[in-house]
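Listed here are the chains, written in short residue letters.
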Amino acid sequence: MKHLITYLWLLVASVAFSSCTQNGGDIGVWFGTWTISSVTVDGTVVPPPAGSYYSVQFQGEIVQVTITNDRHDPYTTTYGNWSNDGDQMQWLFPEENMYFVPLPGMTRVNKFTILEKSGKRVRLQQVADTGVTYIYTLTKLM
């Protein structure tokens, strides 16, 4: 009986340690939850709606953007696809996505230049067709 319990614990441990935390493969620094700590429009900081904050999560090829209030209740969440090629990043939100989260300057097709990328902080720049420059600063939560 003692051996059976030991074998069961070994089985449970091997399953737990071999599981995947990053569905879709290792996406490096992008994996996890980020808060959008600031948005600037042509150099002017634009705060989120009063009592709320934006967060972004990456996993596999999916990006999730959420507006959350100060009680941690999500107002709305939207999902799209993302890709990264060197210092370029793209977020694509499908047309049928009814719950699009309207970040300042954000559209359904977003093309960013990565200005800064570390394990805890990322700065993304997007220049709109109108010439307006948006810079999003993302800070890693977990």
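Sequence positions are assigned chain by chain, starting from 1 and proceeding in written order. Local features in this predicted model are restricted to residues whose pLDDT is 70 or higher, and side-chain atom pairs enter the listing and the counts only when it is 80 or higher, whereas totals over whole chains, interfaces and linings include all residues. Side-chain calculation: all heavy atoms of the structure are included, whereas hydrogens and water are not.

Colleague: Can you walk me through the overall build of the protein in this structure?
Modeller: Each helix is a run of H or I in the DSSP string that is no shorter than four residues. Each strand is a run of E no shorter than two, and both are numbered from the N terminus. When helices and strands are tallied, the protein shows 1 helix and 9 strands. Helices (α) and strands (β) of the protein occur, in sequence order from the N terminus, as α-β-β-β-β-β-β-β-β-β. Throughout, exposure labels follow a simple rule: accessible area from a 1.4 Å probe, protein chains only, divided by the maximum for the residue type, with under 20% read as buried, over 50% as exposed, and the rest as partly exposed. Expressed as a percentage of its 142 residues, the buried residues of the protein come to 32%. Counting contacts in the protein only where the partners sit at least 6 residues apart, residues at least 24 apart contribute 41% of the total. Only the protein chains shown count as covering a residue, and every accessible area follows the Shrake-Rupley method with a 1.4 Å probe. Carbon and sulfur atoms provide 59% of the accessible area of the protein, an area that totals close to 8900 Å². By the convention used here, residues are in contact when the closest approach between their heavy atoms is within 4.5 Å.

Colleague: Teacher, can you tell me more about the pairing of strand β4 (residues 62-69) here?
Modeller: Strand residues, when the strand is regular, have side chains that alternate between the two faces of the sheet. Most of β4 is tucked away, with 7 of its 8 residues classed as buried. Whether two strands pair depends on DSSP finding at least two bridges between them. Where strand β3 (residues 52-59) meets β4, 8 bridges bridge the pair, whose relative direction is antiparallel. Residue pairing across strands places tyrosine 54 opposite isoleucine 67, the latter belonging to β4. The antiparallel pairing of β3 with β4 creates a hairpin that spans 2 residues between the two strands, and glycine 60 there sits at a positive phi of about 55 degrees.

Colleague: Looking at this model, I keep getting lost on the packing of aromatic side chains. Mind explaining?
Modeller: Geometry of an aromatic ring pair is reported as the spacing of the ring centres plus the angle between the planes. The rule is short: rings of Phe, Tyr and Trp, with Trp giving its six-membered ring, pair when the centres are within 6.5 Å, and they are stacked under 30 degrees, edge-to-face over 60, tilted in between. In the structure shown here, the tally under the stated rule is 8 aromatic pairs. Centre to centre, the rings of phenylalanine 58 and tryptophan 91 are 5.9 Å apart; their planes meet at 65 degrees, and the pair counts as edge-to-face. With phenylalanine 58 in strand β3 and tryptophan 91 in strand β6 (residues 88-92), this pair connects stretches of sequence that are 33 residues apart. Of the two residues, phenylalanine 58 and tryptophan 91, neither departs from the other in class, the shared state being buried. Ring geometry for phenylalanine 112 versus tyrosine 136: centroids 5.7 Å apart, planes at 85 degrees, classification edge-to-face. Here phenylalanine 112 is found in strand β7 (residues 109-117), whereas its partner tyrosine 136 is found in strand β9 (residues 133-140), with 24 residues between them in sequence. With respect to burial, phenylalanine 112 and tyrosine 136 carry one shared label: buried.

Colleague: What should I look at first to understand the environment of threonine 33 in this one?
Modeller: With respect to the element layout, threonine 33 can be found in strand β1 (residues 32-41). Between the C-alpha atom of threonine 33 and that of lysine 140, which follows or precedes it by 107 residues, the distance is 6.1 Å. Two N or O atoms form a polar contact when they lie within 3.5 Å of each other; inside protein one atom must be a possible hydrogen donor and the other a possible acceptor, and for residues adjacent in sequence the pair counts only when both atoms belong to side chains. Side-chain polar atoms of threonine 33 contact the side chain of glutamine 57, separated by 2.7 Å.

Colleague: How should I be thinking about the nonpolar core in this particular structure?
Modeller: What tends to happen in soluble globular proteins is that the nonpolar side chains get buried as a cluster. The term nonpolar core refers to a set of buried residues drawn from Ala, Val, Leu, Ile, Met, Phe, Trp, Tyr and Cys, joined through side-chain atoms within 4.5 Å. Core analysis: the largest hydrophobic core is formed by 23 residues, its most contacted members being Phe58, Met89, Trp91, Leu124 and Leu138. Only β1, β3, β4, β6, β7, β8 (121-127) and β9 provide two or more residues apiece to this core. With residues up to four places along the chain from it excluded, the contact list for tryptophan 91 reads Val56, Phe58, Val63, Val65, Asn81, Trp82, Met106, Arg108, Val109, Asn110, Phe112 and Leu124.

Colleague: Would you take a moment to explain unusual backbone geometry for this structure?
Modeller: Peptide bonds are trans in most cases, and residues, glycine excluded, mostly fall at negative phi. The phi dihedral of aspartate 42 falls on the positive side, at around 50 degrees, and the residue is not glycine. Counting through the fold element by element, aspartate 42 comes out in the loop between β1 and β2 (44-45).

Colleague: Would you mind showing me how to read the pattern of salt bridges here?
Modeller: Pairing between side chains of opposite charge can happen when the charged atoms of each approach one another. Salt bridges are counted wherever a side-chain nitrogen of Lys or Arg sits within 4 Å of a carboxyl oxygen of Asp or Glu. Throughout the structure, instances matching the rule amount to 1 salt bridge. Close ionic contact of arginine 121 with glutamate 116 constitutes a salt bridge, the shortest N to O distance being 3.0 Å. Accessibility expressed as a relative area gives 27% for glutamate 116, which makes it partly exposed.

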